[in-house]
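The lines below spell out each chain.
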Amino acid sequence: MEAAEAKPVVIKVAALCGSIRKASFNRGLIRSAIQISKESINGMEIEYIDISGLGMVNTDLEVDGTFPPQVEEFRKKILEADSILFSSPDYNYSITAPLKNAIDWASRPPNCWADKVAAIVSASGGSGGSRLQYHLRQIGVFLDLHFINKPEFFLNAFEPPSKFDGDGNLVDEEVKERLEGVLVALHEFTLRLQNKR
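Residues numbered from 1 in each chain as written. Predicted model: local features only at pLDDT ≥ 70, side-chain atom pairs only at ≥ 80, totals over all residues. Heavy atoms only, no water.

### Notes on the nonpolar core
Generally speaking, nonpolar side chains in soluble globular proteins are found buried as a group. By size, the foremost hydrophobic cluster in this structure holds 32 residues, and its most contacted members are Ile46, Leu85, Ile148, Phe153, Phe164 and Leu183. When residues of this core are traced back to their parent elements, those giving at least two are strand 1 (11-17), helix 1 (25-40), strand 2 (44-49), strand 4 (117-124) and helix 5 (173-193). The element that contributes the greatest number of residues to this core is helix 5, accounting for eight residues. Not counting chain neighbours up to four residues away, the residues in contact with Leu183 comprise Ala33, Ile36, Ile41, Met44, Ile46 and Leu85. Of all hydrophobic cores here, the second largest spans 27 residues; its members include Phe67, Val71, Phe74 and Ile78. (Core = buried A, V, L, I, M, F, W, Y, C linked by side-chain atoms within 4.5 Å. Buried < 20%, exposed > 50% of the residue type's maximum accessible area, 1.4 Å probe, protein only. Helix = DSSP H or I, 4+ residues; strand = E, 2+ residues; numbered from the N terminus. Contact = heavy atoms within 4.5 Å.)

The following block contains the structure:
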């Protein structure tokens, strides 16, 4: 009798977008990441988690250790994930208000971010979101997140040739290859930290 083929360990990735606009380039990066993971990375499932409906953090809304329903659902998704993919533009040299709000909700005790692996990609103007990434890494220290260090992914979304179409979909093949490199590193680092490799 032949031994059953071992199934690959499936890494569950929660993907968060710091921009809530309809044709967000950063949401386009997440859509591409989901497609790449399905086509090219065995053992990785990425789920986009919408943060646009989360109310502003207000500890008055915490009652007997519970949170508003949307926040409870969001926190549950973060807890169930093995790793996190952040995709966000740079707002005023830092992270966006929707993303900071989501981070703060999931950091309320018990901290949902602790010991998860994370990666950051960003499409923005100027330096492509480098400042937001460095701020997010600082926040991650307090949250006990473990960011991959390389490869870094900063994308100037407005530099020709066009990287996105009118709906915010990533159309540049070279950028897709760079994005795949980030996902591979995220997958490998998650397995390594979980001692499943």
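### Observations concerning the packing of aromatic side chains
Scanning the model with the defined rule gives seven aromatic pairs in all. Ring centres 6.5 Å apart and planes at 65° place the aromatic pair Phe74 and Trp113 in the edge-to-face group. Here Phe74, found in helix 2 (residues 69-80), pairs with Trp113, found in the loop between helix 3 (97-107) and strand 4; they are 39 residues apart in sequence, far enough to count as distant. Exposure remark for Phe74: the relative accessible area of 3% places this residue in the buried category. When the ring centre of Phe25 is taken as origin, the NZ or CZ atom of Arg21, which lies over that ring, is 5.1 Å away. The residue whose ring lies beneath Arg131 is Tyr93, and the NZ or CZ to ring-centre distance is 3.9 Å. (Phe/Tyr/Trp six-rings, centres within 6.5 Å; stacked < 30°, edge-to-face > 60°. Lys NZ or Arg CZ within 6 Å of the ring centre and 35° of its normal.)

### Brief notes about the UniProt feature "domain: NADPH-dependent FMN reductase-like" (unreviewed entry) in the chain
Mapped onto this numbering, the UniProt entry annotates "domain: NADPH-dependent FMN reductase-like" (unreviewed entry) at residues 11-157. Helix and strand shares over residues 11-157 are 36% and 21% respectively, and the end C-alpha atoms of the span are 29 Å apart. (UniProt positions renumbered as here; feature names shortened; annotations may be inferred.)

### A look at unusual backbone geometry
Of all residues except glycine, most have a negative phi; of all peptide bonds, most are trans. Cis geometry marks the peptide bond from Lys150 to Pro151; its omega dihedral reads -5°. Following the sequence through the fold, Pro151 ends up in the loop between strand 5 (146-147) and strand 6 (154-156). Even without glycine at this site, Tyr93 takes up a positive phi of about 70°. Positioned with a positive phi, Asp115 is a non-glycine residue whose angle comes to about 65°. You can see Asp115 is positioned in the loop between helix 3 and strand 4. Taking relative accessible area as the criterion, Asp115 reaches 59% and is therefore assigned exposed.

### Considerations on the packing of helix 3 against helix 4 (residues 130-143)
Here helix 3 crosses helix 4 at 5°, and the two axes come no closer than 12 Å. Regarding the angle of helix 3 to helix 4, the classification is roughly parallel. Seen from helix 3, the contacting residues are Leu99, Lys100, Ile103 and Ser107; seen from helix 4, they are Leu136, Ile139 and Leu143. Its residues assigned to classes, the contact of helix 3 with helix 4 shows five nonpolar, one polar and one charged. (Axes fitted to C-alpha atoms, helices over the stretch in contact; angles between N-to-C directions. Parallel < 35°, antiparallel > 145°, perpendicular 65-115°, else oblique. Nonpolar A, V, L, I, M, F, W, Y, C, P; charged D, E, K, R; others polar.)

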